[in-house]
Protein chains: 2
Amino acid sequence: MRADARRNYDKILATARIVFTERGTDSSLDEIAKRAGVGPGTLYRHFPTREALVDALMQDWTDRVSADADAAIATGQPAREMLLGWFEHFIDHITLHRGAASKICAAMDDPASPMYRKCRVMGDANRRVIDHLDAEGELRPGVDAANVMRLVSGVASVADTSHADLDVRPMLEVVVDGIVRA
Amino acid sequence: MRADARRNYDKILATARIVFTERGTDSSLDEIAKRAGVGPGTLYRHFPTREALVDALMQDWTDRVSADADAAIATGQPAREMLLGWFEHFIDHITLHRGAASKICAAMDDPASPMYRKCRVMGDANRRVIDHLDAEGELRPGVDAANVMRLVSGVASVADTSHADLDVRPMLEVVVDGIVRA
DNA sequence: CCACAATATGGAGACTGTCTCCGTTTTAGC
DNA sequence: GCTAAAACGGAGACAGTCTCCATATTGTGG
């Protein structure tokens, strides 16, 4: 990659991070280009779709999400607390940019999406937590990590969409009660 | 309301019902106007926002959803089956038009939304089911009907957004396990 | 039954956002 | 430095939202 290309790529990404945080992932891409000081053509060459841009920003959090999963396991807390903590961290990360949660929900089961791979990384992180607890015999039989992931992403999406800023805790408690051994 | 106004109002609504079913609630409003044989101005006078149009179509299902809730209670099934059946019906209704589920999630906690009142009607229907089971002592203490509603709408939203057409049953089973008495 | 005030219409067009094309500029290797 | 390859940027085509207002339709009181 040529030096000027790399420079612009980075500028666009840095600007997108700011704008997406301020105004959510549906902000105008032309405006991001303008604020980054590049032409729209340049933005679209580097990131052919809005999803590709969101995806590039996701790298940050997939790392953090992965780390959080392992940290949760390492605490050795009881199943309920461990899950609640993990789910809350997960939701905090994916709702960082307004509108991102529902994009993740959509990408999760769509291998054609550029975000699919990152979703898998997060899915794997979640699977580690679930498998760990399952191995300890803490979960109901038949709990499926992928479905848990969908369910929690759904909660994230509701919280993100909701105008009132919602406390996700009570919803997560229901989910946790639904998966830990009775 | 003048006769010609009523005529156009009805034509727009009928067309919107078709187009929203075919292509989801994000279809072009100008195209709905064109297919209804009216000018865009006429559409926007009757329905100032897309939400207002979705809202007008919702009347159909709030009625059906309400009826379904009472039907579920009347079956006298055990708590788990009753809830699963009710939740599935509810999701079937609100995912009839692609994109509607997430609009409902957004409107549910936003009294300023034109759809808010209809959301309340559906919320009340859900509350009747939950309260009924709670009175029978079938539920965990502290289950909140509003949160159940949000959770199930979240599942609907995930199913609606998902490219793969997802089986909601396993997710609903987790939710049900989370709210019925252990 | 008809005139006319009130009401409703529709489509031109302003505006915003997406995305592409291509003449011009920048870079890197020789 | 020269040059081919790579990258740039912005004009503009296109699509969707929404408004304004000259024109047309309605229904009512005389």
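Sequence order as written defines the numbering, with residues in each chain counted from 1. Chain letters start at A and ligand numbers start at 1, both assigned in the order the entries are written. Selection of residues for local features in this predicted model requires a pLDDT of at least 70, selection of side-chain atom pairs for listing and counting requires 80 or more, and totals for whole chains, interfaces and linings are taken over all residues. Hydrogens and water are ignored here; the side-chain numbers use all heavy atoms of the structure.

Participant: Would you explain the protein's contact with DNA strand D in this entry?
Facilitator: Summary of the distance rule: residues count as near a molecule or strand when at least one heavy atom falls within 4 Å of that molecule or strand. Near DNA strand D there are 24 residues, and of these A:Arg2, A:Asn8, A:Arg45, B:Arg2 and B:Asp30 occur at the shortest range. Those atoms of DNA strand D that come within 4 Å of the protein belong to sugar or phosphate at a rate of 59%. Each polar contact in these results corresponds to two N or O atoms within 3.5 Å; when the atoms are within protein, one needs to be able to donate a hydrogen and the other to accept it, and residues that are neighboring in sequence are counted only if both atoms are side-chain atoms. Within the side chain of B:Arg2, an N or O atom sits 2.8 Å from a base oxygen of DNA strand D. B:Leu29 places a polar main-chain atom, nitrogen or oxygen, 2.9 Å from a phosphate oxygen of DNA strand D. We count a stretch as a helix when DSSP gives it H or I for four or more residues in a row; a strand needs E for two or more, and each element gets its number in order from the N terminus. Looking at the surface near DNA strand D, the elements with two or more residues in it are helix 1 (3-23) and helix 3 (40-46) of chain A together with helix 1 (3-23), helix 2 (29-36) and helix 3 (40-46) of chain B. Element by element, the count of residues in the surface near DNA strand D is highest for helix 3 of chain A, at five residues. Polar here means any residue outside two lists: the nonpolar Ala, Val, Leu, Ile, Met, Phe, Trp, Tyr, Cys and Pro, and the charged Asp, Glu, Lys and Arg; Gly therefore counts as polar. The residue makeup of the surface near DNA strand D, split by class, is seven nonpolar, nine polar and eight charged.

Participant: In this structure, what is going on with the relation of the copies chain B and chain A? I would like to understand it.
Facilitator: Here the two chain copies are tied together by a rotation about an axis and a shift along that axis. Laying chain B over chain A is done by rotating through 180 degrees and shifting 0.0 Å along the axis; what remains is an RMSD of 0.0 Å. Each copy turns onto its partner about a two-fold axis. For chain B, the smallest separation between a C-alpha atom and the rotation axis is recorded for B:Gly178, amounting to 1.8 Å. Every residue pair with non-hydrogen atoms within 4.5 Å of one another is taken to be in contact. Both copies share a contact surface, since 100% of the interface residues of chain B are interface residues in chain A too. Least-squares fitting of one copy onto the other uses the C-alpha atoms of those residues that reach a pLDDT of at least 70 in both copies.

Participant: Even after reading the chapter, I still don't get the interface of chain B and chain A, so can you show me in this structure?
Facilitator: It is common to report an interface's size as the accessible area lost on association of the parts. With 26 residues of chain B at the interface, the matching set in chain A holds 26 residues. Accessible area that two parts lose when put together, with a 1.4 Å probe and added across both, is what the buried area reports. The contact between chain B and chain A buries some 2200 Å² in all, and 72% of this surface belongs to carbon and sulfur atoms. Its largest share of buried area at the contact with chain A, chain B owes to B:Leu151, B:Val158 and B:Val174, together 22% of the area lost on that side. Salt bridges are defined by distance alone: a side-chain nitrogen of Lys or Arg within 4 Å of a carboxyl oxygen of Asp or Glu. For the interface between chain B and chain A, the tally reads two salt bridges. Two residues, B:Asp177 and A:Arg140, come together in a salt bridge whose shortest N-O distance is 3.8 Å. Connecting chain B to chain A are one residue pair in polar contact (both at pLDDT 80 or more). Looking at the side of chain B that touches chain A, the elements with two or more residues in it are helix 6 (100-108), helix 8 (145-161) and helix 9 (169-179) of chain B. Considering each element in turn, the side of chain B that touches chain A owes the most residues, eight residues, to helix 8 of chain B. Per-class residue counts for the side of chain B that touches chain A are 13 nonpolar, eight polar and five charged.

Participant: Hey, could you run me through the environment of A:Ala56 in this one?
Facilitator: All names here are of chain A. With respect to the helices and strands, alanine 56 occurs in helix 4 (residues 50-75). Once the C-alpha coordinates of alanine 56 and alanine 79 are considered, the two residues, 23 residues apart in sequence, prove to be 33 Å apart. Leaving out residues up to four positions away in the same chain, alanine 56 has contacts with Tyr9, Leu13 and Phe47.

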